[in-house]
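Topology and contacts: notes
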Number of protein chains: 2
Amino acid sequence: MLHSLPVQMRIEAVDFFYLSIPQVLDIGDGSQDALLVRVLAGGHTGWGECEAAPLPSIASWNCPMSHSACKPLSASVLGQRVEAPEDIRRINRLVRANSLDLLQADHTLSGIDIALWDLVGKNLGQPVYQLLGYNQAFPKIAYASQLFGGDPQSTFRRAQQVASAGIRAAKFGWGPYGQNSIEEDEDQVQAARDGLGPDGILLIDAGTIWYDKVALAEKRLPALRAARAHWLEEPFVSGALGAYKKLATQSGPVRLAGGEGCHNFHQAKNLIDYAGVGFIQIDAGRIGGITTAKEVADYAQAQDIQFVNHTFTTHLALSASIQPYAGLKNHNLCEYPFDPSPLGRDFTRVKLSPDQNGEITLPEAPGLGIDPNFDALEKYQLDIEIKVAGKPVFQSGPLKT
Amino acid sequence: MLHSLPVQMRIEAVDFFYLSIPQVLDIGDGSQDALLVRVLAGGHTGWGECEAAPLPSIASWNCPMSHSACKPLSASVLGQRVEAPEDIRRINRLVRANSLDLLQADHTLSGIDIALWDLVGKNLGQPVYQLLGYNQAFPKIAYASQLFGGDPQSTFRRAQQVASAGIRAAKFGWGPYGQNSIEEDEDQVQAARDGLGPDGILLIDAGTIWYDKVALAEKRLPALRAARAHWLEEPFVSGALGAYKKLATQSGPVRLAGGEGCHNFHQAKNLIDYAGVGFIQIDAGRIGGITTAKEVADYAQAQDIQFVNHTFTTHLALSASIQPYAGLKNHNLCEYPFDPSPLGRDFTRVKLSPDQNGEITLPEAPGLGIDPNFDALEKYQLDIEIKVAGKPVFQSGPLKT
């Protein structure tokens, strides 16, 4: 007679919380809203975050099935066993197959997957990076991620603020950069260098502004070289592999960075294999969670390409995005949201602040080591109600249980 | 003094209609539901269809803005001038930029873009293929798109039905194929060949079942060669370029086909540039509409890769998917939904049925030449209601106005 072991932990509930500042501005600041995910299983609570448009992500959770490869995420998640890392990987594969034709699914999965790693870590009493197989979480050099100012003076002041806060690296991006004249862009980049000082690591982010037009990017290279930029990020959209490659062959010593737009493993692999990037930037809240981000980190290490997190939002997202490469000592840069919105600041009590060396180290605590600050977040929550044929398929509930 | 011309046509309204059969089954039949899009401008009505999960797509239309590159589609569409093809292309670029981080946006855009081509065609009194620059719409050999039967006998009968309907090509896919033993898969493929007869064009669709595992696909090649399959479709997920390439180097004379999962131009370009496909299959309802599908058709022609539509749903979608390559004489295959659901059958009064040569030709009528059949569709409509913070952001209205 066979004795089957009792299954102890199955996913009992997944809840989504749409948080937003009252007035979202038409600027590049991605910390103005957030989609928080809570997973309950076996008496434990896991937290995650989708770096995604909240409403379409919420709609993908419990929408009606369209066909066998276009199912809502709930079909692949609720009731699943979640006791060990391999369970999370299995759920990740299941969602990708069952929701193959539901485009938003990869972004929604990301927050769920992060919450599952948090939950399993709490259950097993281990930080996520240990569950991923790393013995140690190495400190990362924080780079302050900022938007370009409206003019060079304002960019200069922002860079000075970073330097005087003891942070050794700064990235400037979006805003007017790439749409102005070559001279104006040059002034912006030089202002960033001047404000940061000669020793700071300077990173420039074009935010896909040149789409796939190599000539537009080429013209900015002299100014980037003159200012000793360490990388040029996202000159083109993520899929423009040939354009990246063409620019990469002539951009030295400035290397190319990209990858935040990737929403599955292969898109990131393709950037590494075909696009000539020196840095692969992965947002665990978009690519499919910590599971997929770790796959990319493994591949990046094998190919000698530097893995870097992409994080412009909260410290919960920051912890989630660092875990996948925490144990890779030489992959030592880390995006750090320097000036987030009030929502981003209020999101967690525990903060991953740079130390006196300007470095960030993950908490030595189970799971992600960072829980949301419910008391502060309640006022940001937007109530969401979705009905199909008169029946509710989603109704948001309270953050505090 | 400057005299500005009065703007005559701006987009006044965009409406979404979620249609579904009462009981959607867990099978690969993508015609079980549909997301119909209606655009109104200057007294004209354009119709389009998203080949997408309806609810997340609807949610992306008018969701709150998250930041400057994560806006709802309405922000880039409502009020825009739409008088000529270049207006549609401009709107397409605008949506891609403003909704860069809203993953579902590409699928939602697809239906809107299709409706805009229909509308501009009606306004200018020209079929869409002429607006795209083609002088003539060449007939395409219809291939009947079918699911594998549960066993070889059932597949044999389905293939016989196709042949006796005077259709010269058939594709079998999904169902059990690829998950069974090599022998069982071989029996299925051979049954399809036997039912179709020796002269029929046989196509096999693996529906991404082997993910990126080349070895699993390799083992099926002998049976595909023995049955003289013309192509093997989607052995892997769309992004697995290296896996495609590895299989392509050894699959001859069976060539690889893929691309239905692409949701932007560059993903399709990458399949052509790096994956060794012989056929690039584009669904205008997913890739970003007719605008983006035409870009891919242009590139495919230049690279001597055969463009084929992907259509598993309605005859409105079929017309939209053929327009982008209608004028390419040598790109002569065309996916044809042979056995759609009642919804798929009822969708339009005008049908693009294969002629006595088993060929389909586009209607010589303005726009897409095919309007939805409102009377038949009303009973399939699902009422949708979405509220954010108590305020409605979407409420579906009646199909008939």
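The coordinates are above.
Thresholds applied
- Residues numbered from 1 in each chain as written.
- Chains lettered and ligands numbered in written order.
- Predicted model: local features only at pLDDT ≥ 70, side-chain atom pairs only at ≥ 80, totals over all residues.
- Heavy atoms only, no water.
- Helix = DSSP H or I, 4+ residues; strand = E, 2+ residues; numbered from the N terminus.
- Expected span 1.5 Å × (residues − 1).
- Contact = heavy atoms within 4.5 Å.
- Least-squares fit on C-alpha atoms with pLDDT ≥ 70 in both.
- Buried area = accessible area lost by both parts, 1.4 Å probe.
- Salt bridge = Lys/Arg side-chain N within 4 Å of Asp/Glu carboxyl O.
- Polar contact = N/O pair within 3.5 Å; in protein donor to acceptor, adjacent residues only side chain to side chain.
- Nonpolar A, V, L, I, M, F, W, Y, C, P; charged D, E, K, R; others polar.
- Pairing = 2+ DSSP bridges.
- Phe/Tyr/Trp six-rings, centres within 6.5 Å; stacked < 30°, edge-to-face > 60°.
- Buried < 20%, exposed > 50% of the residue type's maximum accessible area, 1.4 Å probe, protein only.
- Lys NZ or Arg CZ within 6 Å of the ring centre and 35° of its normal.

So, about helix α6 (residues 152–164) of chain B. Residues and elements named next belong to chain B. A rise of 1.5 Å per residue sets the reference length of α6, with its 13 residues, at 18 Å; its end C-alpha atoms lie 18 Å apart and thus fit the reference within 8%. Those residues of α6 that are buried are in contact with β4 (140–147), β5 (169–173) and α7 (182–196). Gly-166 sits one or two positions beyond α6 and adopts a positive phi of about 80 degrees.

Attention now goes to the relation of the copies chain A and chain B. Between chain A and chain B, the superposition needs a rotation of 180 degrees and an axial shift of 0.0 Å, giving an RMSD of 0.0 Å. On the angle and the small slide along the axis, the relation comes out as a two-fold axis. An overlap of 98% is found between the interface residues of chain A and their copies at the interface of chain B, pointing to a shared contact surface.

This part takes up the interface of chain A and chain B. Taken together, the contacts link 58 residues of chain A with 57 residues of chain B. Counting the surface lost from both chain A and chain B, the interface buries some 4700 Å², and carbon and sulfur atoms represent 59% of this. The interface formed by chain A and chain B holds 4 salt bridges in total. Taking the shortest distance from any N to any O, the salt bridge between Lys-71 of chain B and Asp-26 of chain A comes out at 3.1 Å. At the junction of chain A with chain B, the criterion picks out 22 residue pairs in polar contact (both at pLDDT 80 or more). Looking at the side of chain A that touches chain B residue by residue, the classes come out as 30 nonpolar, 17 polar and 11 charged. Pairing of strand β14 (residues 384–388) of chain A with strand β14 (residues 384–388) of chain B, which is carried by 5 bridges, proceeds in the antiparallel orientation. From the neighbouring strand, Ile-386 of chain A faces β14 of chain B, where its bridge partner is Ile-386 of chain B.

Another point: the packing of aromatic side chains. Scanning the entire structure with this criterion turns up 23 aromatic pairs over all chains. On the numbers, 5.3 Å between centres and 45 degrees between planes, the contact of Trp-47 of chain A with Phe-374 of chain A is tilted. Here the residue Trp-47 of chain A occupies a position in strand β3 (residues 44–50), and Phe-374 of chain A occupies one in helix α16 (residues 374–377), the gap between them amounting to 327 residues. In this structure Trp-47 of chain A comes out as buried when scored by relative accessible area, which is 3%. Here Phe-148 of chain A and Phe-172 of chain A contribute two aromatic rings whose centre-to-centre distance is 5.9 Å and whose plane-to-plane angle is 35 degrees, an arrangement assigned as tilted. With Phe-148 of chain A in the loop between β4 (140–147) and α6 (152–164) and Phe-172 of chain A in strand β5 (residues 169–173), the pair connects residues that are 24 residues apart, well separated along the chain. Overall, Phe-148 of chain A belongs to the buried group, its relative accessible area being 4%. Residue class for Phe-172 of chain A comes out buried when judged on its relative accessible area of 0%. Linked through ring pairs, Phe-148, Phe-172, Tyr-177 and Trp-210 of chain A together constitute an aromatic cluster. If you follow Arg-255 of chain B out to its NZ or CZ, it ends over the ring of Phe-279 of chain B, 5.7 Å from the centre. Here Lys-294 of chain B stacks its cationic end above the ring of Tyr-134 of chain B, 5.2 Å away from the centre of that ring.

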